[in-house]
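Here's the letter readout for the chains.
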Amino acid sequence: MSTDRVLLIDDEVEFVEILAERLRARGLEVDVAYSGVDGVNKSQATKFDAVVLDLAMPGMDGIAALKALLAGTPDLQVMLLTGQATIKTAMDATRLGAADILEKPMDIPTLIEKIRDARARHAARAAERVRRQQTQEAPKP
Amino acid sequence: MSVAADTLNENRMRERELRYFGRVLAGQCHELVNALNIAHELCGLHEDTLPRALEGQVGAVEKLGSLARRMQIQIARCHAILRVLSRFAHSVDEPEGTYDAREIVERAVFLAARQARLRQTELQVVLPQGGVPLVDYNPFRLQQAIHEGIELLLEGVAQGRRITASLTPDPLGAEVKLESGDPLLCNEAAVGRLAELTALVQAAGGEVRETPEDGGRLVFLIPYGRRDATSPDSDTVGRGGATGGC
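Predicted model, so just to flag it, every value in this text is computed and none were measured.

A. How the structure looks around the overall build of chain B. When its secondary structure is counted, chain B shows 5 helices and 7 strands. Beginning at the N terminus, the succession of helices and strands in chain B can be written as α-α-β-α-β-β-α-β-β-α-β-β. Split into buried and exposed, the 246 residues of chain B put 46% on the buried side. For chain B, contacts bridging at least 24 residues in sequence account for 76% of all contacts bridging at least 6.

Set out below in structure tokens:
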């Protein structure tokens, strides 16, 4: 099985750097972005199995970043990791297509499990998309 | 003005104070949560590093020391927030009286810093050197006026700019200047909020001297001499402040 590739987007630089270091130590391939705009650009340039996104950020906030991330790659598994989630925000994010809403602080084994679940969903969705395309493109008898 | 109208005005003022208190409290809770989340991850990394240090791996012991120092920084950050928040919470109960304007301005700017950061704007405070500018004022309302003034400027300020809050001695009191250099956002909501802010300053005995429609500069005076708190439609209205246009 190949390495899990994850993108962390959070404006709290120290938080995201430590989290990245801890995930890398457990074998994950991790990239980081310190703003929503930077995260969206990185996601367009590289394929990730999952994106872990903060909610409250200067400039493009988590909800705006979520929309932009999914606009480019609808199968992308974007999980919101936040210390400030309200029920309304969680509902908004889920409606927009967030794969999960995670609450900070989160222990590393649980976060890795969530990332791996997201990767499995990503793979399943991508396979389903290919299957549908092939069905549509197949010549009718 | 009738008793009913007075009560209505007072109730509106209280509601506004409560909303301001809630905004500050929520913002500072988020700041505390951010610091605690970093501390949580630092503890986790400390735990990850410990076995390597016990095995005698090069640099692992030094890393443990560095992580402990970084945890102390986050703890100090939490203490700083809680110290200011505690003073802020007590200011609700403090009566009108004589206060050091520097402390109040500094605290109000600290409490508005998160909102500024989320708008990608830097907040700077400039305080006079020497001589304590004592003012007679309601400390909670002064903080609220400064905070709401900063919020007003934040709506019109361009990304990456700076808002400066400064305190200058004046023959009649102490002058608070909030400057962004960018004009006030010209819409009905902003004009309404400017009028409310003017009323707030005047209700606590202050005077708005300059409003930010053109130059992004809001100036108000906090008096040295005690004045009776006046209602927004008292004779102080009209000496400055919002005129309803931009």
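Following the structure, the description resumes.
B. Spotlight on the interface of chain B and chain A. Contact residues are listed per partner, giving 19 residues for chain B and 19 residues for chain A. Summing both sides of the interface, chain B and chain A together bury roughly 1700 Å²; the carbon and sulfur share of this comes to 49%. Interface area lost by chain B to chain A is led by B:Asn37, B:Ile38 and B:Glu41, which between them contribute 31%. One salt bridge in this structure joins A:Arg22 and B:Glu41, with 3.0 Å as the shortest N-O distance. A total of 11 residues in the side of chain B that touches chain A trace back to one element, the largest contributor, which is helix α1 (residues 3-54) of chain B. Residue composition of the side of chain B that touches chain A, by class: 5 nonpolar, 7 polar and 7 charged.

C. Here's a closer look at the sheet that holds strand β5 (residues 100-103) of chain A. All names here are of chain A. Taken in spatial order, the 5 strands of this open sheet run β2-β1-β3-β4-β5, and their pairing is parallel. One side of each edge strand has no neighbouring strand; the edge strands of this open sheet are β2 (29-33) and β5. Pairs of neighbouring strands in the sheet enclose a mean axial angle of 20 degrees, with direction left out of account. Direction of pairing for strand β1 (residues 5-9) relative to β2: parallel, over a ladder of 5 bridges. In the sheet register, Leu8 faces β2, and the bridge partner there is Val32.

D. Spatial organisation of the packing of aromatic side chains. Counted according to the given criterion, the structure contains 5 aromatic pairs over all chains. Judged by centre distance (6.5 Å) and plane angle (40 degrees), the rings of B:Phe21 and B:Phe140 are tilted. Taken as a pair, B:Phe21 in helix α1 and B:Phe140 in helix α4 (residues 139-156) lie far apart in primary sequence, 119 residues in all. For B:Phe140, a relative accessible area of 6% corresponds to the buried category. Positioned above the aromatic ring of A:Phe15, the side-chain terminus of A:Lys104 is 4.4 Å from the ring centre.

E. Structural context of helix α2 (residues 60-91) of chain B. In a regular helix each residue adds 1.5 Å, so 32 residues correspond to 46 Å; α2(B) covers 47 Å between its end C-alpha atoms and thus fits that length. Turning to α2(B), its buried residues are B:Ala60, B:Leu64, B:Leu67, B:Met71, B:Gln74, B:Cys78, B:Ile81, B:Val84, B:Leu85, B:Phe88 and B:Ser91.

F. Examining the pattern of salt bridges more closely. Tallying each qualifying case throughout the model produces 41 salt bridges over all chains. The partner of A:Asp11 in a salt bridge is B:Arg117, with the nearest N and O atoms 3.0 Å apart. Remark: B:Arg117 occurs in helix α3 (residues 101-118) and A:Asp11 occurs in the loop between β1 and α1 (13-25); the pair is interchain, linking two chains. Accessibility expressed as a relative area gives 16% for A:Asp11, which makes it buried. Salt bridges sharing partners connect three or more residues here, namely A:Asp11, A:Glu12, B:Glu31, B:Arg77, B:Arg114 and B:Arg117.

So, how was this worked out
Residues numbered from 1 in each chain as written. Chains lettered and ligands numbered in written order. Predicted model: local features only at pLDDT ≥ 70, side-chain atom pairs only at ≥ 80, totals over all residues. Heavy atoms only, no water. Helix = DSSP H or I, 4+ residues; strand = E, 2+ residues; numbered from the N terminus. Buried < 20%, exposed > 50% of the residue type's maximum accessible area, 1.4 Å probe, protein only. Contact = heavy atoms within 4.5 Å. Buried area = accessible area lost by both parts, 1.4 Å probe. Salt bridge = Lys/Arg side-chain N within 4 Å of Asp/Glu carboxyl O. Nonpolar A, V, L, I, M, F, W, Y, C, P; charged D, E, K, R; others polar. Pairing = 2+ DSSP bridges. Axes fitted to C-alpha atoms, helices over the stretch in contact; angles between N-to-C directions. Phe/Tyr/Trp six-rings, centres within 6.5 Å; stacked < 30°, edge-to-face > 60°. Lys NZ or Arg CZ within 6 Å of the ring centre and 35° of its normal. Expected span 1.5 Å × (residues − 1).

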